[in-house]
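Residues per chain, in single letters:
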Amino acid sequence: MAMAAASTTFLSCNQKLFLSRNVASSTKMAALFFGNRTISSIIRCAESSAQTKAPLHRSNVFEILEQRGLVDSITSPNLRASCSSQTLKVYCGFDPTAESLHLGNLLGLIVLSWFRRCGHKAVPLIGGATARIGDPSGKSLERPELDLETLEKNAIGITNTITTILNRSTPDVGDDDDDDSFMVLNNYDWWKEFKLLDFLKKVGKYARVGTMMAKESVKKRLESDQGMSYTEFTYQLLQGYDFLYLFENEGVNVQLGGSDQWGNITAGTELIRKILQTDGAYGLTFPLLLKSDGTKFGKSEDGAIWLSPAMLSPYKFYQYFFSVPDSDVVRLLKILTFLDMNVIMGLEAQMKNPGYVPNTAQRRLAEEVTRFVHGQEGLDEALKATEALRPGADTKLDWKTIEGIAQDVPSCSLSYDEVLNLSLVDLSISTGLLESKSAARRLLKQGGLYLNNNRVDSEVKRIEAEDIVDGKVLLLSAGKKNKVVVLNQKHNLW
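What you see is a predicted model; the values in this text were computed from it and never measured.

With that settled, the discussion passes to unusual backbone geometry. Although it is not a glycine, Gln-277 sits at a positive phi angle of roughly 55 degrees. In this fold, Gln-277 is placed in the loop between α13 (262-275) and β8 (282-286). Of note in this structure, Asn-359 is not a glycine but carries a positive phi near 70 degrees. Residue placement: Asn-359 occurs in the loop between α16 (341-351) and α17 (360-388).

Dropping the structure here:
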């Protein structure tokens with residue numbers, strides 16, 4: 001690999017070396033990961049360990065994706081045969097428009113992972129350049145422009161998320177334990193030195209304006225009151241050239257994307273056909289993540305469902321999937337998990353039986369997706385918090401357990417003296433858990449008011465010293481869902 005490759009970054013993936021581009025400078029990032037080792041020595045090490053291995057074709061990935069409902073369109077029927085006859089390099093783009101990937105990006109990682117499981121190579125592409133333009137696909141307005149510092153921070157954040165998730169789901173690559181099944185690249189590395197005149201000469205003359213205007217993403221915007229800027233109009237050529245560059249320089253022959261990316265993907269396959277005069281470049285789109293009623297899946301009352309634990313806790317992530325309706329759960333098990341189809345069909349059959357325990361399928365969905373995104377440690381954290389927040393749970397609450405869930409439920413701060421000897425009815429009102437004393441008394445009679453997960457039946461119950469967990473905190477619950485954490489002001493978590 002040439003030393004002159006721009007912005008080269010090295011990522012340590014399960015103690016193995018992967019050559020990858022990132023937005024940060026090569027010097028900074030190489031120092032971050034490898035201390036004082038010279039870049040040239042690392043390159044030699046990476047080159048010597050990157051020998052091509054015999055592909056592990058366990059099964060035809062296209063047939064798996066098709067069976068699970070993960071194929072919307074393909075650019076050529078030849079892709080099906082290629083999935084069995086050769087080792088493919090497959091890429092999917094992720095523009096760093098936010099600090100974290102969200103649930104809408106998860107399908108891209110799932111499909112990349114299926115290709116890896118079937119012996120192919122995955123290339124997640126960070127859109128460090130294209131994010132400066134903004135993809136108009138599916139947007140009614142032009143994206144707000146992000147400053148360069150924010151873009152770089154976002155790119156590093158989503159690179160870390162992608163690397164962590166794909167490292168964790170590394171397939172069995174054999175006895176040599178050398179996993180080269182994915183590498184993360186950044187398209188800013190080849191765009192930053194590309195001059196406009198060179199781009200127009202190399203790419204622009206092959207682009208037909210009529211074809212570009214016929215793209216669905218363009219037509220919708222041109223018909224709107226806002227219209228479309230020339231900058232956005234050129235986005236499809238930038239993404240198209242990405243595919244051309246990766247095909248020519250990295251041996252990438254398949255591009256993946258959501259169904260709204262069809263126009264951008266075909267722009268790439270057309271450029272490859274016209275400029276390189278060759279076939280063998282394929283595009284595959286998967287359906288957008290929608291609910292059974294056609295509305296967008298991946299939003300909660302609090303906003304987007306982020307994949308980074310720094311922006312959304314594993315507990316809240318788990319709860320989102322645990323709460324999906326029966327009408328969506330089987331389809332989501334097929335497209336968002338790697339469970340065997342027989343297992344999924346078994347859960348579907350159970351749901352129709354009279355003795356079915358509600359939310360069994362949802363629990364399995366939440367466990368599988370949380371484990372994929374946050375790992376076993378994240379799933380254990382989510383399960384522990386779920387149990388701790390369940391009224392009547394046998395889990396003994398302690399300060400650390402409540403500390404782990406305090407950011408996921410409403411909280412308020414009161415002094416120790418304010419809480420001690422206060423009636424539970426008054427505390428429920430002062431914390432905002434309930435609106436009135438009559439509502440509190442009514443809930444008490446119905447058996448729905450809990451203190452530290454223990455049901456309270458007496459209207460005259462007052463807070464005692466032993467009720468304040470470790471002298472720092474207590475948990476109030478009104479029914480199963482409404483909760484509040486009461487913190488001693490001296491131990492305020494915020």
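Moving on to the sheet that holds strand β15 (residues 482-488). One open sheet holds the five strands; their spatial order is β11-β15-β14-β12-β13, and the pairing between them is mixed. Sheet topology places β11 (411-414) and β13 (454-455) at the edges, where each strand pairs with a single neighbour. Bridging between β11 and β15 involves four bridges; their strand directions are parallel. Note on β15: the bridge partner recorded for Ser-411 is Val-485.

By the secondary structure assignment, Ala-131 is in the loop between β5 (121-126) and α6 (148-168). In the structure, Ala-131 is positioned 35 residues away from Pro-96 in sequence and 6.1 Å away in space, judged by C-alpha atoms. Not counting residues up to four positions away in its chain, the partners in contact with Ala-131 are Asp-95, Pro-96 and Leu-151.

Further remarks concern the packing of aromatic side chains. Across all of its chains, the model carries 13 aromatic pairs by this definition. Residues Phe-194 and Phe-199 carry aromatic rings whose centres are separated by 5.9 Å and whose planes lie at 90 degrees to one another, so their mutual orientation is edge-to-face. On the accessibility criterion, Phe-199 (9% relative accessible area) is buried. When the ring of Phe-194 is compared with that of Tyr-241, the centres are 5.1 Å apart and the planes differ by 50 degrees; the resulting orientation is tilted. Taken together, the positions of Phe-194 in the loop between α7 (188-191) and α8 (196-202) and Tyr-241 in helix α12 (residues 235-249) put the pair 47 residues apart, joining distant regions of the chain.

Glancing now at a negative patch on the surface. Residues Glu-145, Asp-147, Glu-149 and Glu-152 make up a contiguous surface patch of negative charge. Along the chain, Glu-152 turns up in helix α6. The exposure class of Glu-152 is partly exposed, given its relative accessible area of 32%.

This part takes up the sheet that holds β5. Sheet strands pair by backbone hydrogen bonding; their relative direction is either parallel or antiparallel. Taken together, six strands build an open sheet; the order of strands is β3-β8-β7-β4-β5-β6 and the sheet is mixed. The outermost strands of the open sheet, each flanked by one partner alone, are β3 (73-74) and β6 (185-186). Pairing between β5 and β6: two bridges, direction parallel. Opposite Ile-126, over in β6, you have Asn-186 as the bridge partner. α12 contacts β4 (89-94), β5, β6, β7 (254-258) and β8 of the sheet and is inclined by roughly 150 degrees relative to β4. Against the sheet, α13 contacts β3, β7 and β8, and its axis sits at roughly 170 degrees relative to β8.

What counts, and where the lines are drawn
Residues numbered from 1 in each chain as written. Predicted model: local features only at pLDDT ≥ 70, side-chain atom pairs only at ≥ 80, totals over all residues. Heavy atoms only, no water. Helix = DSSP H or I, 4+ residues; strand = E, 2+ residues; numbered from the N terminus. Pairing = 2+ DSSP bridges. Contact = heavy atoms within 4.5 Å. Phe/Tyr/Trp six-rings, centres within 6.5 Å; stacked < 30°, edge-to-face > 60°. Buried < 20%, exposed > 50% of the residue type's maximum accessible area, 1.4 Å probe, protein only. Patch = residues over 30% accessible without salt bridge, like charges linked within 9 Å, V, L, I, M, F, W, Y side chains within 5 Å. Areas by Shrake-Rupley, 256 points an atom, 1.4 Å probe, with all protein chains shown as cover. Salt bridge = Lys/Arg side-chain N within 4 Å of Asp/Glu carboxyl O. Lys, Arg positive; Asp, Glu negative; His and termini not counted. Charge placed at Lys NZ, Arg CZ, Asp CG, Glu CD. Axes fitted to C-alpha atoms, helices over the stretch in contact; angles between N-to-C directions.

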